[in-house]
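Analysis of the macromolecular model
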Amino acid sequence: MRKRLHRLAALAAVLLLCAALTACSGGAGDRPEKDATPSPTEEPTPAVSVTDAPAPDVYLSEQVSTLTQGSVTIRVTTHLNVDGEVTDSVTEQKDENASDSVWTVTERRSFTSENGVTQTVTETYSSGKLQSRQTERTEDNGQCTVTYDYYSDDRMTEQNVDEIDADGRLTRTKTMRFDGAGMLIYLREVRYAEDAYAVPLYEEISKSDTVTQIRECAENRRLEATETQPALYLVSDSALKRMLLVIGSFRTEITVSKADDTSDEAGKRTICTLAEMYDGCDSVALYYSEDGKNDLVRAGLGTGGKYNTLVWDCRIREHRRTETDQNGSFRRIDVRGDGTEVVRYERVCDSERRTVSEKSYDSLGNITSSRRVERSDDGHRETVYELVMSENGRSVTRIKCTEYNDNGLPGSVESYTQDGDVKYGASRWEYSYDERGSLASGVYTSADGTSVKTTYQNTYSPRG
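Residues numbered from 1 in each chain as written. Predicted model: local features only at pLDDT ≥ 70, side-chain atom pairs only at ≥ 80, totals over all residues. Heavy atoms only, no water.

Scanning the protein from terminus to terminus reveals two helices and 32 strands. For the protein, the residues scored as buried account for 44% of the 464 residues in total. Relative to all contacts within the protein whose residues are 6 or more apart in sequence, the contacts with residues 24 or more apart total 29%. (Helix = DSSP H or I, 4+ residues; strand = E, 2+ residues; numbered from the N terminus. Buried < 20%, exposed > 50% of the residue type's maximum accessible area, 1.4 Å probe, protein only. Contact = heavy atoms within 4.5 Å.)

Okay, structure coming up:
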């Protein structure tokens, strides 16, 4: 699945302020998590506009935030340029009652933006030694590449690379491991399908002491999702000379049990046995086109010689087109061979180019996720509703309500999850600001009533 996406926040889980400070000053922060009970790192600290400062001849050049959690005090020092963009930050910690001379660096970050590419480099340390380096490069169109380097005794032991498309989907990963001499001993590269399960379409694994193993799902070996079932894939394994049947998160080996090569209205048919049963079915009938292309056009699962318990029919997408307007609204549409069109994603923006709603759809046009934003007429309140679908079709709504002060800055943010009539995981952030509109303090209160306060020391420098 897309677990590595969530490492962007998990990598610095102990650093409760770093993501907040980045968002505070307009820099690049961690990708938001989807947990039902968020923590301080998952709710970005509100953006601060230095243009509203009463003295335009100075700007916020340094911000030092401090909090104490348990017996540990954490301090983050952030530097900003004259445009209010974060250039770098350092996170340190020490025992609560220790002297200021014993601060230990746990993280360093740097932020750059050039030629339409924003780059964030995050390094973590333990006992003064580099443990990991994360480099995130984001293009103007939203495409992102994230590289994770892991170290032991100052030597790189592993490197992971994720490629993420403009819609936030993981499309490719690459993992490399090295021995003590820096020699490559393991390589795994995977390309993923555009579905909720991130099915590997191509997977190559190489080890220094074994032959290369390749798993691949060809373009003509996929059937789109039905109203009740995820998409179906046939994956070949070159090294083990076997075929895998993949349905959503389910996968099993299949073997030909009856190569009768008979044909009917669906095409040539091959019967296979499943190593593990799927929804009570132990066999699958696979139908291939007879036009010379040998495309998989139909699949039927069943038992006892009947293969119509679960059925997939081919819906071939000829091409994809997009629509947009002057406000930033956007639609991505699949066009099938028979000319029918299915909207797969749409974003609606208002005249101020603010997002009003976002929706994603499966191949049948059913909503798989949605997000909508409601704003009060006076601009003091904004509520975001995010519908999240689970694998079994159950959905919950995550709600975030932000109250803005008279200067347009967030005064409080409340987040919770709504499951039917049940509301749970409620947490709250409250903010105060200095006379120049920069953060002075932030208080996070979790669902169990525990509060953590962060204080900010702001330094201003002349613009000249």
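The next point concerns the packing of aromatic side chains. Going through the model one piece at a time under the given rule, you end up with three aromatic pairs. A ring pair is formed by Phe330 and Tyr345, whose centres lie 6.1 Å apart and whose planes are at 50 degrees; its orientation type is tilted. Residue Phe330 is found in strand β23 (residues 330–336), and its partner Tyr345 is found in strand β24 (residues 341–349); the two are separated by 15 residues along the sequence. An angle of 45 degrees between the planes, with centres 5.1 Å apart, marks the rings of Trp429 and Tyr444 as tilted. Of this pair, Trp429 sits in strand β30 (residues 422–433) while Tyr444 sits in strand β31 (residues 439–445); the two residues are 15 residues apart in sequence, bridging distant segments of the chain. Residues Trp429 and Tyr444 agree in their burial class; the two are buried. Sitting over the ring of Tyr460, Arg436 keeps its end group 4.8 Å from the ring centre. (Phe/Tyr/Trp six-rings, centres within 6.5 Å; stacked < 30°, edge-to-face > 60°. Lys NZ or Arg CZ within 6 Å of the ring centre and 35° of its normal.)

The subject of this paragraph is the confidence of the model for the protein. For the protein, mean pLDDT is 82; residues scoring 70 or higher make up 82% of the total. Low pLDDT, under 50, characterises residues 1–44; the stretch is placed with 128 contacts to residues that sit more than four places away or in other chains. Between residues 47–53, whose pLDDT stays under 50, and residues either more than four places distant or in other chains, the model counts 14 contacts. (pLDDT = per-residue confidence, 0-100.)

So, on to the environment of Phe178. Relative to the helices and strands, Phe178 is located in strand β9 (residues 170–178). Ignoring anything within four residues of it in the chain, the contact list for Phe178 reads Met156, Thr157, Glu158, Gln159, Met183, Leu184 and Ile185.

So, on to the side chain of Lys94. Topologically, Lys94 is positioned in strand β3 (residues 86–95). In this structure the side chain of Lys94 is engaged in a polar contact, spanning 2.8 Å, whose partner is the backbone oxygen of Ala98. (Polar contact = N/O pair within 3.5 Å; in protein donor to acceptor, adjacent residues only side chain to side chain.)

Our next topic: the pattern of salt bridges. Evaluation of the coordinates by the stated rule reveals 28 salt bridges. For Glu92, the salt bridge is made with Arg75, and the minimal N-O distance between the two is 2.9 Å. Taken together, the residues Glu92 in strand β3 and Arg75 in strand β2 (residues 72–80) connect sequence positions 17 residues apart. Owing to a relative accessible area of 14%, Glu92 belongs among the buried residues under this scheme. Between Asp165 and Arg169 there is a salt bridge whose closest N-O contact spans 3.0 Å. In this structure, Asp165 and Arg169 share a single accessibility class: buried. (Salt bridge = Lys/Arg side-chain N within 4 Å of Asp/Glu carboxyl O.)

Moving on: the nonpolar core. One finds Leu232, Ile247, Leu286, Leu301 and Trp312 to be the most contacted residues of the largest nonpolar core, which totals 19 residues. Of all the secondary-structure elements, those providing two or more residues to this core are β14 (232–237), β15 (242–247), β16 (250–258), β18 (267–278), β19 (281–288), β20 (296–303) and β21 (306–313). Beyond its immediate chain neighbours, meaning those up to four positions away, Trp312 contacts Leu223, Glu224, Thr226, Gln229, Pro230, Ala231, Leu232, Ile247, Val297, Arg298, Ala299 and Leu301. Counting 10 residues, the second-largest nonpolar core is a separate cluster that includes Ala193, Tyr197, Cys217 and Val235. (Core = buried A, V, L, I, M, F, W, Y, C linked by side-chain atoms within 4.5 Å.)

Here the focus is the pairing of strand β28 (residues 395–404). Where β28 and strand β29 (residues 410–419) come together, eight bridges link them in antiparallel fashion. From the neighbouring strand, Thr397 faces β29, where its bridge partner is Gln418. (Pairing = 2+ DSSP bridges.)

Here Ser208 is to be found in the loop between β11 (200–207) and β12 (213–216). Overall, Ser208 belongs to the exposed group, its relative accessible area being 59%. Residues Ser208 and Met183, spaced 25 residues apart in sequence, show a C-alpha to C-alpha distance of 9.5 Å.

Phi is positive for Ser127, which is not a glycine, with a value near 55 degrees. With respect to the secondary-structure elements, Ser127 resides in the loop between β5 (117–126) and β6 (129–139). Despite not being glycine, Asp153 shows a phi value in the positive range, around 55 degrees. Overall, the relative accessible area of 52% leaves Asp153 in the exposed class.

With that settled, the discussion passes to the side chain of Glu382. Summarising the element assignment, Glu382 is placed in strand β27 (residues 381–389). Among the polar contacts made by the side chain of Glu382, one reaches the side chain of Arg375 at a distance of 3.2 Å.

Looking now at the pairing of β31. The pairing of β30 with β31 spans six bridges and is classified as antiparallel. Residue pairing across strands places Ser432 opposite Ser441, the latter belonging to β31. Counted between consecutive antiparallel strands, the loop separating β30 from β31 contains five residues, among which Gly437 sits at a positive phi close to 85 degrees. By the bridge criterion, five bridges tie β31 to strand β32 (residues 451–462) in an arrangement that is antiparallel. Considered in β32, the bridge of Tyr444 is made with Val452.

For Thr138, the position within the fold is in strand β6. On a C-alpha basis, the gap between Thr138 and Thr120 in space is 8.7 Å, while along the polypeptide they are 18 residues apart. If near-sequence neighbours (up to four positions away) are discounted, Thr138 is found in contact with Gly116, Val117, Thr118, Gln143 and Cys144.

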